[in-house]
Amino acid sequence: MNKPKAVIGTNSWGGKAYGKLIRGSYVDNSVIKEAMQTAKELGLDVYDLARDYGFGKAQKMIGEFGTEDIVISAKYTPFKRYKKGCVRSSLEKDLADFRRDYVDIYWLHLPIDVKEHLQEIIELYNEGRIRHIGVSNFDLDECKLSKEILSSAGIPLFGVQNHYSIISREWEINGLLDWCRDNGVQFWAWAVLEEGMLTDPRIKTKFSPMKLMMYSQKYKMRELYKVMIAVGKRHGISVPQVAEAFCASKGVVPICGCRKPKQVMELSQAADIQLSPGEIKALEKAADRSQAKVLGADIFRFYVPKKGDRHGENS
């Protein structure tokens, strides 16, 4: 599978209650269908999903809309220790939602009992129910372990999907991005807009609990916003598009939630823009000086048992 220039996220999809309560606004299904049609016309055919997105509704929605012409990226999230058949049972539910008999990419969503979970995913891969295997929210050592496990079965590690943005570049600093490039492993970034914080501060947006929780960081990013606005002006793009283009310019695949045709068009445009080394450096300097942290690379690590007890060595 070729590397996509960008991926459409579905975490913002859902019913009226979810949209208004969590996202601040509800978008009708007809508008999301229009966005999918726009994505098809622009060649953006990869959709990233998970069972809990939209309070469990996102996967059912995409199954209803039709999955014949799209690439499905789905996940197994091991909130508990490995139990035989757990991945198979979850995948069967996913496939029922998607109304398909396979997924294109399946990610192990947390590094818990990595060996056992990956071995069951390998079984499903060999049955043709999974086309590619990736890992998500894994650190460098965990990615190396995963690649070793998959390689022993003759299967390549397709990709790593972690949080990455202008203000959250830990995976680049600690060498994971370089390791991915050196080993032919795609790196996909979720939350590149930091739940709406890396958007234009001059534009008033609707209230949402997510934004309220993170608003304290916005003041810290005043200088960064100025640099993003200046970079956007040079390229004729918006502030959030600068955040998306930053990822694409680093060889990172940006995953961005899209519910409207305009958002799809802006994502496609941003992913085609190559920022200059000077622009990237200016953005990074401003981001580092801000010391802002919205989600952070380690946001889900509290789910993960301590090292030495999560790879299956003691089970």
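For the structure given in this document, a descriptive report is provided here. As the structure is a prediction and not an experimental result, all values here were calculated from the model.

1. What about helix α13 (residues 277-290)?
Then, in step 1: Counted at 1.5 Å a residue, the expected span for α13 with its 14 residues is 20 Å, and the 20 Å between its end C-alpha atoms agrees.
Then, in step 2: Along α13, the positions that sit buried rather than exposed are E279, I280, L283, E284, A286, A287 and S290. With its buried residues spanning 165 degrees around the axis, α13 presents them on a single face. Among the exposed residues of α13, those oriented more than 90 degrees off its buried face are P277, K281 and R289.
Then, in step 3: Residues of α13 that are buried sit in contact with α7 (170-173), α10 (222-235) and α11 (239-249).

2. Here's the deal with the packing of helix α2 (residues 29-42) against helix α3 (residues 58-65)
Then, in step 1: Interhelical geometry of α2 versus α3 gives an angle of 65 degrees and a closest axis separation of 11 Å. What the angle tells us is that α2 and α3 run roughly perpendicular. Note on packing geometry: the crossing formed by α2 with α3 is right-handed. Between α2 and α3, the contacting residues are N29, I32, K33 and M36 on the first element and M61, I62 and F65 on the second.
Then, in step 2: Grouping the amino acids of the contact of α2 with α3 by side-chain chemistry returns 5 nonpolar, 1 polar and 1 charged.

3. Side note on the sheet that holds strand β8 (residues 253-257)
Then, in step 1: Around the barrel, which closes on itself, the 8 strands sit in the order β1-β2-β3-β4-β5-β6-β7-β8 with parallel pairing between neighbours. Recorded for the sheet is a direction-independent mean angle of 30 degrees between the axes of neighbouring strands.
Then, in step 2: Here strand β2 (residues 46-48) pairs with strand β3 (residues 71-76) via 3 bridges, running parallel. Across the sheet, D48 pairs through a bridge with S73, a residue of β3.

4. Thoughts on the pattern of salt bridges
Then, in step 1: The full count for this structure, using the stated rule, is 21 salt bridges.
Then, in step 2: Among the salt bridges present, the one from D97 reaches R51, with a minimum N-O distance of 3.4 Å. With D97 in helix α4 (residues 86-98) and R51 in the loop between β2 and α3, this pair connects stretches of sequence that are 46 residues apart.
Then, in step 3: According to the relative accessible area criterion, R51 is partly exposed, its value standing at 31%.
Then, in step 4: Between R289 and E223 there is a salt bridge; the shortest N-O distance is 2.5 Å. Pair noted here: R289 is in helix α13 and E223 is in helix α10, with a separation of 66 residues, a long-range link.
Then, in step 5: Taking the relative accessible area as the measure of exposure, R289 reaches 52% and is therefore exposed.
Then, in step 6: The class of E223 is partly exposed, set by a relative accessible area of 34%.
Then, in step 7: Among the ionic contacts, a cluster of salt bridges with common partners joins R169, E172, K250, E284 and D288.

5. A few points about a nonpolar patch on the surface
Then, in step 1: A surface patch of nonpolar side chains, about 360 Å² in accessible area, is lined by F79, F302 and Y303.
Then, in step 2: Turning to its location among the elements, Y303 is positioned in the segment after α13.

6. Remarks on α11
Then, in step 1: For α11, the tally of buried residues reaches 11 of 11 residues, placing the bulk of the element in the interior.
Then, in step 2: The inward-facing, buried residues of α11 abut α10, β8, α12 (261-271) and α13.
Then, in step 3: Downstream of α11 by one or two residues, G251 has phi in the positive range, about 80 degrees.

So, how was this worked out
Residues numbered from 1 in each chain as written. Predicted model: local features only at pLDDT ≥ 70, side-chain atom pairs only at ≥ 80, totals over all residues. Heavy atoms only, no water. Helix = DSSP H or I, 4+ residues; strand = E, 2+ residues; numbered from the N terminus. Expected span 1.5 Å × (residues − 1). Buried < 20%, exposed > 50% of the residue type's maximum accessible area, 1.4 Å probe, protein only. Arc of directions from axis to C-beta. Contact = heavy atoms within 4.5 Å. Axes fitted to C-alpha atoms, helices over the stretch in contact; angles between N-to-C directions. Parallel < 35°, antiparallel > 145°, perpendicular 65-115°, else oblique. Left-handed = near helix turned anticlockwise from the far one by under 90°. Nonpolar A, V, L, I, M, F, W, Y, C, P; charged D, E, K, R; others polar. Pairing = 2+ DSSP bridges. Salt bridge = Lys/Arg side-chain N within 4 Å of Asp/Glu carboxyl O. Patch = residues over 30% accessible without salt bridge, like charges linked within 9 Å, V, L, I, M, F, W, Y side chains within 5 Å. Areas by Shrake-Rupley, 256 points an atom, 1.4 Å probe, with all protein chains shown as cover.

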